[in-house]
There are 2 protein chains.
Amino acid sequence: MAAGGWGWARAVRGLLLDVSGVLYDSGADGGVPIAGSAEAVRRIKASGLKLQLCTNETQATREDFVRKLRAMGFDISVAEVTAPAPAACRLLRERGLRPHLLVHDDLVPEFAEVDKTNPNCVVLGDAAENFTYANLNEAFRLLIGMEKPVLISLGKGRYYKETDGLKLDVGAYMKALEYACDVQAEVVGKPAKRFFESALAELGVPPEQAIMIGDDIVNDVGGAQQCGMRALQVRTGKYRPSDENHPEVKPDAYVNNLAEAVDIILQQL
Amino acid sequence: MAAGGWGWARAVRGLLLDVSGVLYDSGADGGVPIAGSAEAVRRIKASGLKLQLCTNETQATREDFVRKLRAMGFDISVAEVTAPAPAACRLLRERGLRPHLLVHDDLVPEFAEVDKTNPNCVVLGDAAENFTYANLNEAFRLLIGMEKPVLISLGKGRYYKETDGLKLDVGAYMKALEYACDVQAEVVGKPAKRFFESALAELGVPPEQAIMIGDDIVNDVGGAQQCGMRALQVRTGKYRPSDENHPEVKPDAYVNNLAEAVDIILQQL
């Protein structure tokens, strides 16, 4: 992590940041900021670098999500958040798809403007308590009844950690429906290339001048690198030491946390 | 299906029969016998051919399952049923495994003799209403907490039909846990080779002298053929015309139903 290894960072004009595990840790009260992260966000903005949050969060609307971040001291606006639900809404409109939603109750308002009558696809998010036997059977029956089943999944995470323990993430339920219907889901969210491209478009910076900073070796680091971006892994959130031996993905650098990443990047400018 | 094509059936000494979709169809009142099937079972026994039922049923103990079959007019005893739960119990004992059970309430008595303290594996059956978000998270946490997760799945069916509609089968939930834990389940039940071998041992007939009769092209027909048996597909139960173009599995013959299969086989003897 010597500064000499960071020459490539001189070209940077914008940063994409993952949120959970980078800005804050999930907790019983909704979350606890990671030390130095709110100050790091302020320093990015003061430096003139562009900034966009790039999250797979699907348990709340962007408005509610930003309200939570602001309450934790992060200077963030709704336009600075790229999240799967709005991206899915664009995709649905483009293709004339009318979704059946199996998502968290708090995410439903994101789909308010979308025609949901007579569904011709299923949109799956991290539905949490809505992942009931009845709801899964209902989504399955709709899919298997379609001539060509269309399953759109808001992310494909395996699991995540909350204060009361690990929880199965949307990817596990996606696999269940994929197998039952012999279909492949279309993933909207990290690590999908198209999702990173949306985030870059909102950032207004080409991939070779952007850096992704995340805690997820596959979805953040691997996904961003596939788009031609540099990517750093923070040693916070879901980071595990074994990530540093990942068989397929190697970050451009490791940093202890967001604050350290910003320190080093700003030194290069 | 001319008799001339059935010369191989002259060597037959025993029959393995799938149950749901061959002997009866599932229904609101528990099931309706398929016309001619009870009489066909009687004729098999009268002929001197050996008979064993080979089922993936995991929503009831064998005792309750046999009680249901007898009430529908089938002359069957508990010893004539090979089912996944007893096979799983043998496997657990052999390997010193203590299961956490995620199964149907009515199946739990099959595991009465098994030590379930301090679990070191998860046994997954068709848990139906027990497939809750909380129960799936609990099974997942146990698995992910094991140094080497062991997941034993009683079958790997995709879905099945009940009178109130299609239901996700155990295979879908197996895939969810496999993905979340990055582990491969061990399947006990059809189409596992070891399970067919158990059924053949109970039948007391080597594979080349046994015929499997089932409605499931992959789990019944394909699984039995992998064990060196001949296999017939009936056009009842979950049979669909598209099965006759299956890319990988080709039954030794099609029959309209069990009664017709028995007619033809007995003519060869």
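Remember, it's a predicted structure, so these values are computed and weren't measured experimentally.

Asker: So what exactly am I meant to see when it comes to the overall build of chain A here?
Answerer: Each helix and strand counted, chain A has 8 helices and 14 strands in total. Relative to its length of 269 residues, chain A is compact, with a C-alpha radius of gyration of 19 Å against a globular reference of 18 Å. Taken over the C-alpha atoms alone, chain A extends approximately 60 × 35 × 35 Å along its principal axes. Here chain A holds 269 residues, and the buried ones make up 55% of them. Look at the contacts in chain A between residues 6 or more apart in sequence, and 65% of them connect residues 24 or more apart. Surface accessibility of chain A: about 11,300 Å² in total, with carbon and sulfur atoms responsible for 47%.

Asker: Help me understand the nonpolar core in this model?
Answerer: One recurring pattern in soluble globular proteins is that nonpolar side chains are buried together. Among the nonpolar cores identified, the biggest contains 50 residues, and Leu 124 of chain A together with Leu 124 of chain B are the most heavily contacted of them. Where this core is concerned, the elements lending two or more residues are strand E7 (121–124), helix H4 (133–144) and helix H5 (170–181) of chain A together with strand E7 (121–124), helix H4 (133–144) and helix H5 (170–181) of chain B.

Asker: Could you clarify how one ought to interpret the sheet that holds strand E11 (residues 186–188) of chain B in this entry?
Answerer: Within a sheet, adjacent strands bond to each other through the backbone by hydrogen bonds, running parallel or antiparallel. All names here are of chain B. Ordered in space as E6-E7-E8-E11, the 4 strands form an open sheet in which the pairing is parallel. Both outer strands of the open sheet, strand E6 (99–102) and E11, are each paired with one neighbouring strand and no more. The average undirected angle you get between the axes of adjacent strands in this sheet is 25°. Contacting E6, E7, strand E8 (151–154) and E11, helix H3 (residues 84–95) crosses the sheet at an angle of about 130° to E11.

Asker: Which parts of the structure should I look at to understand the domain arrangement of chain A?
Answerer: You'll often see interface size given as the accessible area lost when the parts meet. Residue and element names in this part refer to chain A. According to the domain assignment, chain A contains domain 1 (12–56 + 190–228 + 235–250) and domain 2 (95–187). Surface buried jointly by domain 1 and domain 2 totals about 520 Å² across both partners, of which 52% is contributed by carbon and sulfur atoms. Taken together, domain 1 and domain 2 are joined by 0 salt bridges. In the side of domain 1 that touches domain 2, the residues fall into 3 nonpolar, 3 polar and 3 charged.

Asker: Which parts of the structure should I look at to understand the confidence of the model for chain A?
Answerer: If pLDDT is low for a region, its predicted coordinates should not be looked at in detail. Averaged over all residues, the pLDDT of chain A equals 94, while 97% of them reach at least 70. Reported for the predicted complex are a pTM of 0.90 and an ipTM of 0.90.

Asker: Would you take a moment to explain the packing of H3 of chain B against helix H6 (residues 193–203) of chain B for this structure?
Answerer: Two packed helices can be described by the angle between their axes and the distance between those axes. Residues and elements named next belong to chain B. Viewed as axis vectors pointing N to C, H3 and H6 meet at an angle of 105°, and their least axial separation amounts to 11 Å. Relative to H6, the element H3 is oriented roughly perpendicular. When H3 is examined against H6, the residues Pro 84, Ala 87, Arg 90, Leu 91 and Glu 94 are found in contact with a partner set consisting of Arg 194, Phe 195, Ser 198 and Glu 202.

Asker: Got a minute to help me understand the side chain of Gln 52 of chain A in this structure?
Answerer: All names here are of chain A. By secondary structure assignment, the location of Gln 52 is in strand E4 (residues 50–54). Of the polar contacts made by the side chain of Gln 52, one reaches the side chain of Thr 82; its length is 2.9 Å. Sequence-distant contacts of Gln 52, that is, excluding residues within four places in its chain, are made with Leu 15, Leu 16, Leu 17, Ala 79, Glu 80, Val 81, Thr 82, Ala 199, Glu 202 and Leu 203.

Asker: Is there a simple way to explain the interface of chain A and chain B in this structure?
Answerer: Counting from both sides, the interface comprises 28 residues of chain A and, opposite them, 28 residues of chain B. Contact between chain A and chain B buries roughly 2,600 Å² in total, counting both sides, with carbon and sulfur atoms accounting for 64%. Here chain A and chain B share 0 salt bridges between them. Looking at the side of chain A that touches chain B, the elements that each hand over two or more residues are H4, strand E9 (159–162), strand E10 (165–168) and H5 of chain A. The class makeup of the residues in the side of chain A that touches chain B is 16 nonpolar, 4 polar and 8 charged.

Asker: In this structure, what is going on with the sheet that holds E7 of chain A? I would like to understand it.
Answerer: Residue and element names in this part refer to chain A. Taken together, 4 strands build an open sheet; the order of strands is E6-E7-E8-E11 and the sheet is parallel. In the strand order of this sheet, the two ends are held by strand E6 (99–102) and strand E11 (186–188), each with one partner. Going from strand to strand, the sheet's axes swing by 25° on average, the running direction of each strand aside. Sheet contacts for helix H3 (residues 84–95): E6, E7, strand E8 (151–154) and E11; angle to E11, the most-contacted strand, approximately 130°. Taken strand by strand, H4 contacts E6, E7 and E8, and its axis lies near 160° from that of E6.

Asker: Mind showing me how you'd approach the pattern of salt bridges here?
Answerer: Pairing is possible between side chains of opposite charge, provided their charged atoms come close. Residues and elements named next belong to chain A. Under the defined criterion, the tally for this structure stands at 28 salt bridges over all chains. Asp 18 is the salt-bridge partner of Lys 190, the closest N and O atoms lying 2.8 Å from each other. Separated by 172 residues along the polypeptide, Lys 190 in the loop between E11 and helix H6 (193–203) and Asp 18 in the loop between strand E1 (14–17) and strand E2 (24–25) bring together distant segments of the chain. Here Asp 216 makes a salt bridge to Lys 238, at a shortest N to O gap of 3.1 Å. Here Lys 238 lies in the loop between strand E13 (230–234) and strand E14 (253–255) and Asp 216 lies in the loop between strand E12 (210–214) and helix H7 (217–226), a separation of 22 residues in the sequence. For Asp 216, a relative accessible area of 10% translates into the label buried.

Asker: Teacher, can you tell me more about the relation of the copies chain A and chain B here?
Answerer: Between the two copies of the chain lies a rotation about an axis combined with a shift along it. With an RMSD of 0.0 Å, chain A superimposes on chain B once it is rotated by 180° and translated 0.0 Å along the axis. Both copies are brought into coincidence by an operation consistent with a two-fold rotation axis.

Basis of the calculations
Residues numbered from 1 in each chain as written. Chains lettered and ligands numbered in written order. Predicted model: local features only at pLDDT ≥ 70, side-chain atom pairs only at ≥ 80, totals over all residues. Heavy atoms only, no water. Helix = DSSP H or I, 4+ residues; strand = E, 2+ residues; numbered from the N terminus. Rg over C-alpha atoms; globule rule 2.2 N^0.38 Å. Buried < 20%, exposed > 50% of the residue type's maximum accessible area, 1.4 Å probe, protein only. Contact = heavy atoms within 4.5 Å. Areas by Shrake-Rupley, 256 points an atom, 1.4 Å probe, with all protein chains shown as cover. Core = buried A, V, L, I, M, F, W, Y, C linked by side-chain atoms within 4.5 Å. Pairing = 2+ DSSP bridges. Axes fitted to C-alpha atoms, helices over the stretch in contact; angles between N-to-C directions. Domains from an automatic or database assignment. Buried area = accessible area lost by both parts, 1.4 Å probe. Salt bridge = Lys/Arg side-chain N within 4 Å of Asp/Glu carboxyl O. Nonpolar A, V, L, I, M, F, W, Y, C, P; charged D, E, K, R; others polar. pLDDT = per-residue confidence, 0-100. Parallel < 35°, antiparallel > 145°, perpendicular 65-115°, else oblique. Polar contact = N/O pair within 3.5 Å; in protein donor to acceptor, adjacent residues only side chain to side chain. Least-squares fit on C-alpha atoms with pLDDT ≥ 70 in both.

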